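Take a look at the letters that make up each chain.
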Amino acid sequence: MERTELYPYQRLNNKKEMNGKNKGLFKNIFSLRDIIIDIAAFMLGRATILSGLAPFGLPFYAVTFTGDISTLVIGSSISIGLMTVGIGWMSIKYMVAMAVFTVFSLLNKSTVFKRTFFTAMLASTSLMIAGIPSVMTNGFLLYDTLMLVFESFICFVMVYIFRVGIPILKQRVDRRILANEEIISLSILMGLIILGFTDVHFWGGISLRDTLCIFVLLIFSLKHGAGVAASTGVTIGLINSMSSPSMAYVIGSYAFCGLIAGIFKTFGKVGVSLGFILANAIMTIYINGSTEVLINIYDIFVAIAVMSIMPQRILDYVGGFLDKSTNRLVERKAYSHRVKEITVDKLNSISKSFEQLANTFSSIAEQKRPLNNRDVSVLFDQVADRVCKDCGLCLNCWEREFHNTYQVMFKILEKLEEKGNITQRDVPDYFSGRCIRLDEFVHSINTMFEIYKVNLIWANKVGESRGLVSQQLQGVSRIISGLANEITIDLQFDEEMENEVMIELDKVGVPVKEVTVMQNVSGKYEVEVSLKACGGTRRCHNNVPPVLTKVLGRKMIKKDQICSMKRGDTLCAIKYIEEELYRISTGISRLKKAGQAECGDNYSFMELSDGKHVLALSDGMGSGRKASRESSATIALLEQFLDSGFDKDTAVKLINSVLVLKSPDESFATIDLSVVDLYTGHVEFVKIGAASTFIKKPNRIEVIRSTSLPVGILNHIDMELSSKTVSEGDYIVMMSDGVLDSKEEDVSKETWVKDALLNIESTNPQEIADGIMNIAVENRGNKIDDDMTVLVAKVWKKNKV
């Protein structure tokens, strides 16, 4: 909207235009924001310092100057304020200064003079010009001259301050985040407005200025505690003392009252109120030595009453509007959130690229195909080109008797597909009696058909390879996409807990550089502590966990038991996690097939970062070194994938594709996984061609079976997933088929294992594994004709806090 400026020398072109302009002007004058500006102008006109100086109205007028009717209203408000403050003829000086500034501003319409520096110079010069007559009247006294210079300097500085603070008053009240300079400017502006309430009393001596100051101090004590309240008290005391130099002691009084009131913030409004009253009484007795209070008790009661009846929502708004620390936190969170968004977008883009690449490989992956008409035509043409091209009967066979020749070729092809190769006896008599190169024809067609079969095998193999590569790329895409989803999860950091941990560690003589306390997506605490290297005294293991356990209320342990500090480092960064509810003790018994140098079975135990314990067993095809290589590769890949964050499904599919592509020979292995959640006791079983797993409980045996094929046989595998819950004293028993199939005469292979587990009374997992293995060897007549492995895991509960 175009701004209308009414200068003395401007005229409107017609009556209609003038009416429209006037309507807009009066609408602006009576808007809520303009009324707030007018009230602020009135209060700044009343604000005085050093018992008679009122230099704050002129800079406010200079900053809000627009040359229209709103400027006239602001100037009038300041003038009324000056006349009501009681400084007599001194108020005329400031009115003259505003008039001088107005004349200069209207005469200099260049945009250069609208800059803050020129506005400040013009305002201070105007005040200097208006003040010279009064100085001359008193005979150019040094004091009067210095005071005039002092006022002009204040006017110059206030233009800069008001230039930042006034726009906030004109904006909507829903602003929450302010820049540092805005906070300072608005604080000074609000303080000067409160200063304008000097000598305003009601209800028998209650000071409106003091009541507002006490109210603001109570709010900051309630919302921000002792430190912020004490500094706020200093500021409020300084504002009060500006109106009367003899009241300098109120600075310390307000500061002390804010400090004590902030200490009692944990008790709410009642605690803050009582703390303020108590502090005022202490300061009164300390300074005056009597019962004459420094801060009027009635002013305190009114401020407390206003705070008590004010809604909590308004208190939160007033207390948090100028909270610098809150702004820093918001800025930090916003920056962190933006970095997170950029990272997630980049990872999603990479994930989609891998997914698109996988789709491309999948689309060009040819499936196995039989012999088609095109292949037959190519095969016939190649045979004719090699045998019949320079034959004297070629014209007769392939042109005059073309249809008969083709029928003969199809019959020969049927024999080839049936037998794999043909002889002269397989050629129809009609053709063999006429062909003069029959031996060469039979040899050539056998050779070309073998070449065709080899090419078809390799074409299908390439198609399968493309399909497997597509699966691997899909797995990588899912991993990257899952990582992006994990990044989007908001982690909960507890700053209060971090401060408490640092204090408690310092009390026990473990000064730390930094502490980070967070709750992961599972609601478990994770703590990272940076402290000075202890030189092998193991403070991180002996002293820190008890303190963390005490503060967090949960049993905390060091994640890595070995110190990972590198030579030359001065700080150790150590991670602590919640101690799991359960522990796993294992026993393993393994025998290789008689006559073999290596056992074809391999196994692994590993703990993942999310508090899960993995038991893995793999049985390679056959026995000996080849079987050992296959099962060892399977276990190694499984460990790497799971430790890198791959989910179980993706890890198994990738292993299957690797084994399929590994060599043209048959290469497969079983996978038997038991994943135990050490926090809950929940167990997930993944079986691919593996033997049955048993769970021994105090009064029964549970069996988990599998009927799927091992990995490395087919491109697509079917995983059998199941889940159970274990508790303290339960045993998980895994074994290879060499153990389970040892008693061939039993229809149900699991029967003898269940009976053996029920009869074994030992609680040692190693003894249980050895006992099962001994029975299996006896079942085979003490002949070890297959690789045999038994893995037993005992679940037991830790002592909690």
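Look up a bit, the structure's there.
Everything numeric in this text was worked out from a predicted model, so none of it was measured.

This next bit is on the overall build of the protein. Of the regular secondary structure elements, the protein holds 27 helices and 17 strands. Counting across all 801 residues of the protein, residues that qualify as buried make up 43%. Long-range contacts, defined as pairs at least 24 residues apart, comprise 67% of the intrachain contacts of the protein with a sequence gap of at least 6. Just so you have it, the protein exposes about 42700 Å², and 57% of that area is on carbon and sulfur atoms.

Attention now moves to the sheet that holds strand β13 (residues 693-696). Strand pairing within a sheet occurs via backbone hydrogen bonds; the two strands may be parallel or antiparallel. Pairing is antiparallel in the open sheet, where five strands are placed in the order β8-β17-β16-β13-β14. Both outer strands of the open sheet, β8 (582-591) and β14 (701-704), are each paired with one neighbouring strand and no more. Between one strand axis and the next, the sheet turns by 20° as a mean value, whatever way the strands run. Examined bridge by bridge, β13 and β14 share four bridges and lie antiparallel to one another. Bridge pairing in β14 places K696 opposite I701. Set on the sheet, helix α27 (residues 765-779) makes contact with β8, β16 (731-735) and β17 (788-797); between it and β8 the angle comes to about 30°.

It is worth spelling out helix α9 (residues 208-242) at this point. Count 3.6 residues to each turn of an α-helix, and residues three or four apart come out pointing the same way. Taking 1.5 Å per residue as the helical rise, α9 with its 35 residues ought to reach 51 Å, whereas the 16 Å between its terminal C-alpha atoms falls clearly short. Approximately 145° is the largest bend angle found in α9, and it occurs at G225. Among the residues of α9, the N-terminal cap falls to S207, whose side-chain oxygen and the backbone nitrogen of R209 are separated by 3.5 Å.

The next subject is the packing of aromatic side chains. Centre-to-centre distance and the angle between the planes together describe a pair of aromatic rings. This structure, assessed with the given rule, holds nine aromatic pairs. Relative to F162, the ring of F60 has its centre 5.9 Å away and its plane inclined at 75°; by these criteria the two rings are edge-to-face. Of this pair, F60 sits in helix α3 (residues 57-63) while F162 is found in helix α7 (residues 142-170), placing the two residues 102 residues apart along the sequence. Each member of the pair, F60 as well as F162, carries the same accessibility label: buried. For the ring pair Y61 and F101, a centre distance of 6.2 Å and an interplane angle of 75° mean the geometry is edge-to-face. Pair noted here: Y61 is in helix α3 and F101 is in helix α5 (residues 90-107), with a separation of 40 residues, a long-range link. For Y61, a relative accessible area of 6% translates into the label buried. Over the ring of Y731 we find K696, and its NZ or CZ is 5.7 Å from the ring centre.

One pass over the full model with this rule turns up 14 salt bridges. Across the pair K575 and E526 runs a salt bridge whose closest N-O atoms are separated by 3.3 Å. Of this pair, K575 sits in strand β7 (residues 571-578) while E526 sits in strand β5 (residues 525-532), placing them 49 residues apart in sequence. Among the salt bridges present, the one from E578 reaches R554, with a minimum N-O distance of 2.7 Å.

On the surface, W89, I92 and V96 cluster together to form a nonpolar patch covering roughly 310 Å² of accessible area. Residue placement: V96 occurs in helix α5. Judged by its relative accessible area of 36%, V96 falls in the partly exposed class.

We now examine the nonpolar core. With 50 residues, the main nonpolar core has L44, F56, F60, I78, F101 and F162 as its most contacted residues. Elements with a minimum of two residues in this core: α2 (32-46), α3, α4 (69-84), α5, α6 (116-137), α7 and α8 (180-195). Setting aside residues no more than four positions away along its own chain, F101 makes contact with L58, Y61, A62, F65, T119, L122, A123 and S126. In terms of nonpolar packing, the next biggest core, distinct from the first, is built from 26 residues, V408, V427, I445 and F449 among them.

As for its placement among the helices and strands, S273 is situated in helix α11 (residues 268-287). For S273, a relative accessible area of 7% translates into the label buried. Sequence-distant contacts of S273, defined by excluding residues within four places in its chain, comprise I304 and M307.

In terms of strand pairing, strand β9 (residues 601-607) meets strand β10 (residues 612-619) through seven bridges, oriented antiparallel. Note on β10: the bridge partner recorded for M606 is V614. Between the end of β9 and the start of β10, which pair antiparallel, lie four residues, with G611 showing a positive phi angle near 80°.

Attention now moves to the sheet that holds β10. Sheet architecture is open: five strands sit in the order β9-β10-β11-β12-β15, paired in antiparallel fashion. Each edge of the open sheet carries a strand with a single partner, namely β9 and β15 (720-725). Taking the axes of each pair of neighbouring strands and ignoring which way they run, one obtains an average angle of 15° across the sheet. Across six bridges, the pairing between strand β11 (residues 671-677) and strand β12 (residues 682-688) is antiparallel. Residue pairing for β12: D672 is matched across the bridge by K687. Those strands touched by helix α23 (residues 624-643) are β9, β10 and β11, and its axis lies near 15° from that of β9.

To continue, consider the side chain of D677. Within the fold, D677 resides in strand β11. Among residues more than four places away in sequence, those in contact with D677 are G611, K612 and H682.

This part is about the pairing of β12. Of all seven residues in β12, five are buried; the element is thus mostly enclosed. Between β11 and β12, which pair antiparallel in sequence order, lie four residues; one of them, G681, sits at a positive phi of approximately 85°. Inspection of the sheet shows β12 paired to β15 by six bridges, in the antiparallel sense. Residue pairing in the sheet places F685 in a bridge with S722 of β15.

Among the structural elements, E355 can be located in helix α14 (residues 324-364). In the structure, E355 is positioned 115 residues away from S470 in sequence and 8.6 Å away in space, judged by C-alpha atoms. Apart from residues lying up to four places away in sequence, E355 is in contact with Q474 and S477.

Following the sequence through the fold, I214 ends up in helix α9. Note on I214: relative accessible area 0%, which makes it buried. Counting along the chain gives 87 residues from I214 to F301, while the straight-line C-alpha distance between them is 9.6 Å. Once residues within four sequence positions are removed from consideration, I214 is found in contact with Y254, F276, I295, D299, I300 and A303.

Quick look at α6 now. Compared with an ideal rise of 1.5 Å per residue, which puts 22 residues at 32 Å, α6 spans 33 Å between its outermost C-alpha atoms and is within 8% of the ideal. In the structure, α6 departs most strongly from a straight axis at G131, where the bend amounts to approximately 30° and where the proline P133 lies between one and four residues downstream. Every buried residue of α6 is accounted for by T119, A120, L122, A123, S124, S126, L127, A130, G131, S134 and V135. Looking one or two places after α6, you find G139, whose phi comes out positive at around 90°.

Each value, and the rule that gives it
Residues numbered from 1 in each chain as written. Predicted model: local features only at pLDDT ≥ 70, side-chain atom pairs only at ≥ 80, totals over all residues. Heavy atoms only, no water. Helix = DSSP H or I, 4+ residues; strand = E, 2+ residues; numbered from the N terminus. Buried < 20%, exposed > 50% of the residue type's maximum accessible area, 1.4 Å probe, protein only. Contact = heavy atoms within 4.5 Å. Areas by Shrake-Rupley, 256 points an atom, 1.4 Å probe, with all protein chains shown as cover. Pairing = 2+ DSSP bridges. Axes fitted to C-alpha atoms, helices over the stretch in contact; angles between N-to-C directions. Expected span 1.5 Å × (residues − 1). Bend = angle between axes of the 7 residues up to and from the residue. Polar contact = N/O pair within 3.5 Å; in protein donor to acceptor, adjacent residues only side chain to side chain. Phe/Tyr/Trp six-rings, centres within 6.5 Å; stacked < 30°, edge-to-face > 60°. Lys NZ or Arg CZ within 6 Å of the ring centre and 35° of its normal. Salt bridge = Lys/Arg side-chain N within 4 Å of Asp/Glu carboxyl O. Patch = residues over 30% accessible without salt bridge, like charges linked within 9 Å, V, L, I, M, F, W, Y side chains within 5 Å. Core = buried A, V, L, I, M, F, W, Y, C linked by side-chain atoms within 4.5 Å.

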